[in-house]
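So the chains spell out like this:
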Amino acid sequence: MNSTTTDLVIVGAGPAGTAAAITARQSNRSVVIIDKATFPREKICGDGLTTSCLRLLQHLGLDPSTVPSWQPVDDVVVTSPSGRKITYPLPQNNGSYAAIAERRDLDFAMVQLARTHGVDIREGTALDTIVNEADTVRITTSDGSTIEAKYAIAADGMWSPTRKALGLATPGYLGEWHALRQYFRNVDTSSERELFVWFDADLLPGYIWSFPLPNGRANVGFGILRGTIKTKDMSRLWADILQRPHIREVLGPDAEPEAPHRAWPIPARVGSIPLTLGRTLFVGDAAAATDPMTGEGIGQALWTGITATEATLGASSPESARAAYESAVHSHLAIDHRFAERLGKILEHPLGTRAAVRVSGANEWTRRNFARWLFEDYPRAILGTPSRWHKNMFSQPGAYGEEQSVGDVRP
């Protein structure tokens, strides 16, 4: 049996896990990541990257050129239930505020980046058991190895095997949202840098999207709030959605699917499930950290991974590490998520959605700032949280601009 001792062991090599690992290595801590998958691997996702997500990726050192499917977004086009169409422009010549990247490519690039930092990544290796002890956390893996560490970070998804092994899983949990996506090729390229969202009345508060990818490709899909539509009916509904005139207009007459559609659940209840136990901290989907209004989760995964690691780096004890991480999540993500949930109630009805689109598109200022708010250029509930106010909170540059710093990457 192979035995390893390290500062930090991470279960899961997605964005949350690799962000945690890179953060630890930046402070010269030893790190082992295990993941049952081998990379690159398929990952079902909407593939959208918000402003806060992009800033975090830049902070971690990711070079967009290492992600083949990376596609910047200039404008967001939203259509209300009445058919009213409004274009929300994102800032130009000041860095990037939104992008699309296939998760297969993004996650592989992050794994490669973590390796350049000296992270020991063990692919094709699943968690078998985990035990929190007074001075260490011990993991055994599917290949019979043992890993002992000061702390463990569980970045292993919504149905976290780590959470289950520690007795913290919720039986029957299926997530707050459910989404379906399909990749298309030969998409009309007349709007190749525009992102489309449709609020069709029969899906509210869910929505349909078309996210642009390079070379005339697109990630097209829809998401629903669980309980509004039976998930077993989503495939049938998808066939109908693809024939709707406003969808066909954007995709164009030559668009064709590359592969069958795929569906996945989305966990969005951060703050209502345990975030820690002993020397183990949960991040990303394992912490149910997805935005409850949009279903976006990559930025939240990165942030929780970074924040959890930083909590362990400065901790004098497991108690202080847990307290620091839980306090940060509740002070930032949980507050924003509660605010987003309340706003989501408005979108449950056509009149509310129509009013929201009308108000947000009233003039050039509202359109510009709504786009930045939607893409998390600043936190959802920033107006109600004065502790996060700062001089440039509404005028930060985007990510990856020339000679521009990341700025404050915290929500």
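Notes on the structure follow. Please read these numbers as outputs of a predicted model, since none were measured by experiment. For every chain, the first residue of its written sequence is number 1, and the numbers climb from 1 along that sequence. Two thresholds apply to this predicted model, a pLDDT of at least 70 for residue-level local features and 80 or more for giving and counting side-chain atom pairs, whereas whole-chain, interface and lining totals are computed over all residues. Calculation of side-chain values draws on the structure's entire complement of heavy atoms; hydrogens and water are dropped beforehand.

**Describing the nonpolar core**
Then comes step 1: Ile10, Leu49, Leu57, Leu62, Trp70, Leu302 and Tyr325 are the most contacted members of the largest nonpolar core, which has 71 residues in total.
Then comes step 2: Secondary structure follows DSSP: runs of H or I at least 4 residues long count as helices, runs of E at least 2 residues long count as strands, and numbering of each begins at the N terminus. Ranked by residue count, the leading element in this core is helix α7 (residues 298-313), at seven residues.
Then comes step 3: It only takes one pair of heavy atoms within 4.5 Å for two residues to be counted as in contact. Ignoring sequence-local partners within four residues, the contact set of Ile10 consists of Gly17, Ala20, Ala21, Val31, Val32, Ile33, Ile34, Ile153 and Ala155.
Then comes step 4: Core analysis: the second largest hydrophobic core is formed by 34 residues, Trp177, Tyr207, Leu347 and Ala371 among them. Side-chain atoms within 4.5 Å link the members of a nonpolar core, which is a set of buried Ala, Val, Leu, Ile, Met, Phe, Trp, Tyr and Cys residues. Exposure categories follow from relative accessible area, calculated using a 1.4 Å probe and restricted to protein chains: below 20% of the type maximum is buried, above 50% is exposed, and the middle band is partly exposed.

**Quick notes on the sheet that holds strand β3 (residues 48-49)**
Then comes step 1: Strand order across the open sheet formed by three strands is β3-β7-β4, with antiparallel pairing between neighbours. In the strand order of this sheet, the two ends are held by β3 and β4 (71-72), each with one partner.
Then comes step 2: DSSP-based pairing: two strands are paired if at least 2 bridges between them are found. With two bridges joining them, β4 and strand β7 (residues 99-100) adopt antiparallel strand pairing. Residue pairing for β7: Gln71 is matched across the bridge by Ile100.

**Here we look at the pattern of salt bridges**
Any two side chains of opposite charge can pair, on the condition that their charged atoms come close.
Then comes step 1: Take a side-chain nitrogen of Lys or Arg and a carboxyl oxygen of Asp or Glu: if they are within 4 Å of each other, that pair is a salt bridge. Across all of its chains, the model carries 22 salt bridges by this definition.
Then comes step 2: One salt bridge connects Asp74 with Arg193, and the closest N-O pair in it is separated by 2.7 Å. Linking Asp74 in the loop between β4 and β5 (75-79) with Arg193 in the loop between β12 (177-185) and β13 (194-198), this pair joins segments that are 119 residues apart in sequence.
Then comes step 3: Of the charged contacts in the structure, one is a salt bridge between Asp291 and Arg380, with a shortest N-O distance of 3.0 Å. One end of the pair, Asp291, is in the loop between β19 (280-282) and α7; the other, Arg380, is in the segment after α11 (364-374), with 89 residues separating them in the sequence. For the pair Asp291 and Arg380, a shared accessibility class is recorded, and that class is buried.
Then comes step 4: Connected through salt bridges with shared partners, the residues Asp200, Asp202, Asp240 and Arg244 form a single ionic network.

**Remarks on the packing of aromatic side chains**
Each aromatic ring pair is characterised by the separation of its centres together with the angle its planes make.
Then comes step 1: By convention, a stacked pair of Phe, Tyr or Trp rings (six-membered ring in the case of Trp) has centres within 6.5 Å and planes under 30 degrees apart, an edge-to-face pair has planes over 60 apart, and any other such pair is tilted. The final tally for this structure, using the stated rule, is 10 aromatic pairs.
Then comes step 2: Measuring from ring centre to ring centre gives 6.4 Å for Trp209 and Trp264, while their planes differ by 65°; the resulting arrangement is edge-to-face. Highlighted residues: Trp209 in strand β14 (residues 207-213) and Trp264 in strand β17 (residues 262-266), separated in sequence by 55 residues.
Then comes step 3: By the criterion adopted, a ring carries a charge over it if an Arg CZ or a Lys NZ lies within 6 Å of its centre and within 35 degrees of its normal. Lying across the ring of Tyr151, Arg279 places its NZ or CZ 5.3 Å from the centre.
Then comes step 4: The side chain of Arg380 reaches across the aromatic face of Trp373, ending 4.8 Å from its centre.

**What to know about unusual backbone geometry**
Then comes step 1: Cis geometry is adopted by the peptide bond preceding Pro40, which originates at Phe39 and carries an omega value of 0°.
Then comes step 2: Note on placement: Pro40 falls in the loop between β2 (31-35) and β3.
Then comes step 3: With an omega dihedral of 0°, the bond running from Leu204 to Pro205 counts as a cis peptide bond.
Then comes step 4: Assignment of secondary structure puts Pro205 in the loop between β13 and β14.
Then comes step 5: Despite not being glycine, Asn28 shows a phi value in the positive range, around 65°.
Then comes step 6: Within the secondary structure layout, Asn28 lies in the loop between α1 (15-26) and β2.
Then comes step 7: Overall, Asn28 belongs to the exposed group, its relative accessible area being 66%.
Then comes step 8: The backbone of Glu376 sits at a positive phi, close to 55°, despite the residue not being glycine.
Then comes step 9: Positionally, Glu376 belongs in the segment after α11.

**Quick notes on helix α3 (residues 103-116)**
Then comes step 1: The end-to-end C-alpha separation of α3 is 20 Å, in line with the 20 Å expected for 14 residues at 1.5 Å each.
Then comes step 2: Residues of α3 that are buried include every one of Arg103, Asp105, Leu106, Asp107, Ala109, Met110, Val111, Leu113 and Ala114, and no others.
Then comes step 3: Contacts from the buried residues of α3 go to α1, β3, α2 (51-60), β8 (120-123) and α7.
Then comes step 4: The first or second residue beyond α3 is Gly118, which carries a positive phi of 90°. Helix span is expected to be 1.5 Å times the residue number reduced by one.

**Comments concerning the state of the cysteines**
Then comes step 1: Two cysteine sulfurs form a disulfide in these notes if their separation is within 2.5 Å. Tallied over the entire structure, the rule returns zero disulfides.
Then comes step 2: The thiol of Cys45 is unpaired, and the distance to the nearest cysteine sulfur, on Cys53, comes to 9.5 Å.
Then comes step 3: Taking the relative accessible area as the measure of exposure, Cys45 reaches 11% and is therefore buried.

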